[in-house]
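Structural description and commentary
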Amino acid sequence: MNIQVELLKTGCFYADGGAMFGAIPKRSWSRRYFSDENNRCILNMYSLLIRAGERIILIDLGAGSKYQKTLAYYGFFDMQEWKDLLKTRSLSVTDITDVVFTHLHFDHCGSATFIENGKVGISFPKARHWVSASQWKNYQEPHPLEKDSFFDKNLNVVAEARLLQLIEKDCILCPGVRLCLMDGHSEGQIVVYVETELGTVVFAGDVLPLAANLSLEWISAYDQCPQKSWYAKKRLLDEAVRMGQTVIYCHDAYLRSSTVKKAGSFYVKDSLVDL
Ligand SMILES: [Zn+2]
């Protein structure tokens, strides 16, 4: 099957540079990622549109607008409406057959719902919404360290409408689209592998939010279990190097995607690939 993919930017926000690079000192990370005088880094929010025969699939949805006041610290800007993004591609929200969430942090799933006249509505009413069972448990009973990233109104109505599909382990979503579980940033995060004419494209989610996170030890302070993040990243990058896969950096404001190579014991970006 001829599968087509396109990266779509749903908006931008600011994140603290120190938080994005955990234990790495600023004198090191500031050489690889820009920050302003308040130590803020610009992060993009990318989603992947996949056209695979009859299936029109979105991977992650961005933050949406419901919680912008609560999340004012993040200073969201350049936010896009899904209706508009899809319309320019001759699609509508009811054409989307599947939505896959890498995980349920607000910047990845907020657009799943909207509020109109005080009621929560579902943005993609015909879509099956895929998430891992362990991530769903996490969302319902979050650890205090993670709870500020989860919002009830983002997914509960989707579950009530029986549009939620939980996966327990790695699986094939449809021919050419594979879902793999990788813990660390958040329990049961999904990494998506898509077989395209250009080769395999990897939507790594927050396993690899920025190209600057390619170094195994450059792990965000938001990660719930950094040791697991290290192993997840190594597994993902070893395969990407071996197979010549294209990796998407879903939050990077300066580099959307690239192939990866090894330089000594380091992983570095190789050819730039525009998706
Ligand atoms: Zn996250």
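Scroll up to find the structure this text is about.
This report concerns the structure included in the present document. Keep in mind that this is a model prediction, so the values were computed, not measured.

**Considerations on the pattern of salt bridges**
Counted under the stated rule, the structure contains 11 salt bridges. In this structure, Arg128 and Asp98 form a salt bridge, with 3.8 Å as the shortest nitrogen-oxygen distance. Taken as a pair, Arg128 in strand 7 (residues 128-132) and Asp98 in strand 4 (residues 98-100) lie far apart in primary sequence, 30 residues in all. For Arg128, a relative accessible area of 34% gives the class partly exposed.

**Examining the coordination of the zinc ion**
For the zinc ion, the protein coordination sphere consists of His103 (NE2), His105 (ND1), His185 (NE2) and Asp206 (OD), at 2.1 to 2.3 Å. One can describe the site at the zinc ion as irregular: its 4 donor atoms subtend angles covering 88 to 176° at the metal. Ordering the donors of the zinc ion by residue number gives the pattern H-x1-H-x79-H-x20-D. Of this pair, His103 sits in the loop between strand 4 and helix 4 (106-109) while Asp206 sits in the loop between strand 12 (199-203) and helix 7 (226-243), and the two are 103 residues apart along the sequence.

**Focus on empty space enclosed by the protein**
Here the structure, examined in full by the defined rule, presents 1 cavity of 30 Å³ or more. Among the elements of the structure, strand 2 (40-52) and helix 4 are those that each provide at least two residues to the lining of the largest cavity.

Calculation notes
- Residues numbered from 1 in each chain as written.
- Predicted model: local features only at pLDDT ≥ 70, side-chain atom pairs only at ≥ 80, totals over all residues.
- Heavy atoms only, no water.
- Salt bridge = Lys/Arg side-chain N within 4 Å of Asp/Glu carboxyl O.
- Helix = DSSP H or I, 4+ residues; strand = E, 2+ residues; numbered from the N terminus.
- Buried < 20%, exposed > 50% of the residue type's maximum accessible area, 1.4 Å probe, protein only.
- Donors = N, O, S within 2.8 Å, 3.2 Å for Na, K, Ca; no water.
- Tetrahedral: all angles 85-135°; square planar, octahedral: opposite > 155°, others 65-115°.
- 1 Å grid on protein atoms, 1.4 Å probe; cavity = no way out; pocket = protein on both sides within 12 Å on 5 of 7 lines; lining within 4 Å.
- Points joined across faces, edges and corners; volume = space filled by probe spheres on them.

None of this, on its own, says anything about what the molecule does.
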